[in-house]
Amino acid sequence: MQIHSYSEFDPSPRRNYEQGLRRVLDRLVITMQRDALIRQTINQLRESLQVDRVVLYYFYGSWQGQVTCESISDSEYSIFGSTGPDNCFNQEYANLYLAGRIRAISDIELESIHDCHREFLRSLQVRASLVVPVLVARGLWGLLIAHHCQAPRCWSPLDIEKMQQAAKSMATASCILES
């Protein structure tokens, strides 16, 4: 038989308040760690790949998402908060990325893509794009995207490997898995 102290069963409002505060603080720490990891990752990628922009497109609902973090070479390339074209990203594309699709477009003007996708990329000043999924056990968490805006660009196997490695590191980080 175990004997417990009264404080373990204390139903007082102060104990509930402290537990609630602890949960809020724990979530805040995880969020700060996640955001720092994402910022560091995309800054390193932009510098390493020497591109104009690297972003994280985070999915918050059924294929609804938003650019939640970006690293840009110039403020004119900012797309922070962009939600993407409503009718272009659908279940068909989601399934491709869920299966691990990597999409490297050297020149949006020459690539065979849907018109809505091309127009959307033009509106973002994109000329070349590299997209890698961030896959967690629950599914597609986000897309890691590199944009070259000034000219076409042929993506090398090393460029693709760097993006894949970064996406994998993010997908296995405890601060992302807990978010």
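Everything discussed here concerns the structure shown above.
Computed from a prediction, not measured in an experiment: that's the story for all the values here.

(A) Local environment of the pairing of strand E1 (residues 53–61). Relative to strand E2 (residues 64–72), E1 runs antiparallel, the two being bridged by 8 bridges. In the sheet register, Phe59 faces E2, and the bridge partner there is Gly65. Here E1 hands over to E2 after 2 residues, with Trp63 in that stretch at a positive phi of 60°. Strand direction decides the pairing type here: E1 and strand E5 (residues 139–148), joined by 6 bridges, are antiparallel.

(B) Highlighting the sheet that holds E5. Across the sheet, 5 strands lie side by side as E2-E1-E5-E4-E3; this open sheet has antiparallel pairing. One side of each edge strand has no neighbouring strand; the edge strands of this open sheet are E2 and strand E3 (103–105). Averaged over all neighbouring strand pairs, the angle between strand axes comes to 20°, with direction disregarded. Inspection of the sheet shows E3 paired to strand E4 (residues 128–136) by 3 bridges, in the antiparallel sense. Bridge pairing in E4 links Arg103 to Val131.

(C) Representation of a nonpolar patch on the surface. A cluster of nonpolar side chains, Tyr17, Leu21, Leu25, Leu28 and Met32, forms an exposed patch at the surface whose accessible area comes to about 500 Å². On the secondary structure map, Leu21 appears in helix H1 (residues 13–49). Overall, the relative accessible area of 38% leaves Leu21 in the partly exposed class.

(D) Structural view of the packing of aromatic side chains. The tally for this structure, following the rule as stated, stands at 2 aromatic pairs. Ring centres of Tyr57 and Phe59 lie 5.3 Å apart, and the angle between their planes is 80°; this geometry places the pair in the edge-to-face category. Seen from their ring centres, Tyr58 and Trp141 are 5.1 Å apart, and the 65° between their planes marks the pair as edge-to-face. Residue Tyr58 is found in strand E1, and its partner Trp141 is found in strand E5; the two are separated by 83 residues along the sequence. Given the relative accessible area of 5%, Trp141 is considered buried.

Conventions used here
- Within each chain, residues carry numbers counting from 1 in the order of the written sequence.
- In keeping with the predicted nature of the model, local features appear solely for residues at pLDDT of at least 70, side-chain atom pairs appear and are counted solely at 80 or more, and the whole-chain, interface and lining totals rest on all residues.
- Note that the side-chain values use all heavy atoms of the structure and ignore hydrogens as well as water.
- Two strands qualify as a pair provided that DSSP identifies no fewer than 2 bridges between them.
- Runs of E in the DSSP output that reach at least two residues are strands. Runs of H or I that reach at least four are helices, and both are numbered from the N terminus.
- Geometry is summarised by axes, namely lines fitted to C-alpha atoms with helices restricted to the contacting stretch, and by angles between N-to-C directions that run from 0 to 180 degrees.
- Each patch is built from residues that are more than 30% exposed by relative accessible area and take part in no salt bridge. Like charges join if they lie within 9 Å; nonpolar side chains (Val, Leu, Ile, Met, Phe, Trp, Tyr) join within 5 Å.
- Using a 1.4 Å probe, accessible areas were evaluated by the Shrake-Rupley method; residue-level cover was limited to the displayed protein chains.
- One speaks of a salt bridge when a side-chain nitrogen belonging to Lys or Arg is within 4 Å of a carboxyl oxygen belonging to Asp or Glu.
- Per-residue accessibility, obtained with a 1.4 Å probe over protein chains only, is compared with the maximum for each type, and a residue is labelled buried under 20%, exposed over 50%, and partly exposed between these values.
- Classification of ring pairs uses Phe, Tyr and Trp, with its six-membered ring standing for Trp, and accepts pairs whose centres are within 6.5 Å; under 30 degrees between planes counts as stacked, over 60 as edge-to-face, and the remaining range as tilted.

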